[in-house]
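These are the residues of each chain, in order.
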Amino acid sequence: MQNTELKEDKNMTPYSRTNPFQAKVLKNINLNEEGSTKETRHIELSLKDSGLSYVPGDCLGILPENDPELVRELVDEMNWNLDETVIINKQGDTLPLMEALTTHFEITLLTKKVLQQAAELTDHTELKELVKLENANQLKEYIEGRDLLDMLRDFGPWNANTQDIVSLLRKMPPRLYSIASSFRANPDEVHLTIGAVRYTAHNRVRKGVCSVQCSERLDVGDTIPVFIQQNKHFNLPESTDIDIIMVGPGTGIAPFRSFIQERAVDGGDGRAWLFFGDQRSTTDFLYKNELEKYQQDGVLTKLDTAFSRDTDQKVYVQHKMLENSKELFAWLEKGAYFYVCGDKQYMAKDVHNTLIDIIEKEGAMSREDAEAHLNDLQKQKRYQRDVY
Ligand SMILES: Cc1cc2nc3c(=O)[nH]c(=O)nc-3n(C[C@H](O)[C@H](O)[C@H](O)COP(=O)(O)OP(=O)(O)OC[C@H]3O[C@@H](n4cnc5c(N)ncnc54)[C@H](O)[C@@H]3O)c2cc1C
């Protein structure tokens, strides 16, 4: 019944990826305490009057804007005329230059194609060498951690007008964020947990386009263009009586906040077990008070945490899983669903291997059988991943 209602709601909304809704910011706070090396924003947006809705596991797409300071540096570097208008697509639509560079084009990422086409617009021999087929590795190395401004500085002077350069650029892709709220617990709202991306590369401080916009240039009362991206592969079990195990360190906590809120609304007999981890318990325990309250209320049955920098020995979520291997396996045997969300490069792989270790040990299986067992769980949708 409820699912049908949601589908109908979605059909009624005029908003989509190509026609995003301007969502008003209701709240934007840093979840990390002073002294943390991280910044994680908790953002609440209003979906009022949009007709948009979502279920736990869905994502929110944001169409971000480039950093105005970076746009200004580009314009200064090239001595571009601010009053110019540029063509932004094959259909011949136009935008004022500043708007095009701020909202329409990607300026923070280089691609092989951009460099190859740019090589036609300069006499710089280094760039002409770099794009040669035999120098593919050097080209890849150059692209890593560099942006349009680097390229324009490194390989000028340019035999190109503004339009020639702008035509090299691709459209800014939207960024996706796992929704951190339950729609039924927060009607007309959507909450996000966004880690600000900042790093230094090639002697310049780099800022993630969307995460840093959300951190530095998004105030309560502002609006931001958003759309809902359904995720059919990451959902709560249909029955509220089924147990769930959730592994979500860092911003991986986001969809599990949604799961837990939904379970709090629904009731049911299913138990919930959360593994959370981050750097330090004093500064980085995201949503600590909420989670402890859910634990007191019995919505969250178990909460295990791993703070890697609290002790000399680095402790991660997979270590906490191993410490609890007997009980974790028992939950799986009783039909629990296992979810993992967050870092794809390291964490999700470690968690995957640890799951196999646990099944092998506690199920007294060979490595091969343990792997096959996990594959079965995946086929039954009892092992789901939302990793990025
Ligand atoms: C399904 C899905 C769900 C997601 N959910 C969340 C979520 O809940 N919370 C969340 O915070 N994020 C989430 N993300 C990630 C999010 O979509 C963005 O990728 C992230 O916020 C960075 O976007 P940005 O625009 O700030 O950075 P961008 O401008 O896109 O820059 C990020 C890029 O910078 C480069 N980079 C980053 N760090 C370094 C470094 N140290 N050295 C060199 N290069 C580096 C990498 O190429 C990286 O891809 C999710 C992604 C997906 C696909």
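Quick caveat: nothing in here was measured; it's all calculated off a predicted structure. (Residues numbered from 1 in each chain as written. Predicted model: local features only at pLDDT ≥ 70, side-chain atom pairs only at ≥ 80, totals over all residues. Heavy atoms only, no water.)

As for the packing of helix α2 (residues 68-78) against helix α3 (residues 97-104)
Link 1 in the chain: Here α2 crosses α3 at 135°, and the two axes come no closer than 10 Å. Taken together, α2 and α3 sit at an angle that is classed as oblique. Of the two possible hands of crossing, α2 and α3 adopt the one that is right-handed. Together, Val71, Arg72 and Val75 of α2 and Met98, Leu101 and Thr102 of α3 make up the contact between the two elements.
Link 2 in the chain: Residues belonging to the contact of α2 with α3 are distributed by class as follows: four nonpolar, one polar and one charged. (Axes fitted to C-alpha atoms, helices over the stretch in contact; angles between N-to-C directions. Helix = DSSP H or I, 4+ residues; strand = E, 2+ residues; numbered from the N terminus. Parallel < 35°, antiparallel > 145°, perpendicular 65-115°, else oblique. Left-handed = near helix turned anticlockwise from the far one by under 90°. Contact = heavy atoms within 4.5 Å. Nonpolar A, V, L, I, M, F, W, Y, C, P; charged D, E, K, R; others polar.)

Regarding the sheet that holds strand β11 (residues 244-247)
Link 1 in the chain: Read across the sheet, five strands follow the order β13-β12-β11-β14-β15 without closing on themselves; strand pairing throughout is parallel. The sheet terminates laterally at β13 (302-307) and β15 (383-387), the two strands that pair on one side only. Neighbouring strand axes in the sheet, compared pairwise and without regard to direction, differ in orientation by 10° on average.
Link 2 in the chain: Strands β11, β14 (337-342) and β15 of the sheet are contacted by helix α15 (residues 347-362), whose axis makes an angle of about 155° with β14. (Pairing = 2+ DSSP bridges.)

Re the site of the ligand
Link 1 in the chain: Around the ligand, 18 residues are found, and the nearest of them are Leu176, Tyr177, Thr193, Cys210 and Ser211.
Link 2 in the chain: At 2.8 Å from a nitrogen atom of the ligand is found a main-chain nitrogen or oxygen belonging to threonine 193.
Link 3 in the chain: Valine 209 places a polar main-chain atom, nitrogen or oxygen, 2.9 Å from an oxygen atom of the ligand.
Link 4 in the chain: Within the complex, the protein chains bury 64% of what would otherwise be the 990 Å² of accessible surface of the ligand. (Near = heavy atom within 4 Å. Polar contact = N/O pair within 3.5 Å; in protein donor to acceptor, adjacent residues only side chain to side chain. Areas by Shrake-Rupley, 256 points an atom, 1.4 Å probe, with all protein chains shown as cover.)

What about the sheet that holds strand β1 (residues 21-30)?
Link 1 in the chain: Pairing is antiparallel in the open sheet, where six strands are placed in the order β6-β3-β10-β1-β2-β7. The open sheet is flanked by β6 (175-178) and β7 (189-195), the only strands paired with a single partner. Strand-to-strand, the axes of this sheet are offset by a mean angle of 40°, without reference to chain direction.
Link 2 in the chain: In terms of strand pairing, strand β2 (residues 40-46) meets β7 through seven bridges, oriented antiparallel.

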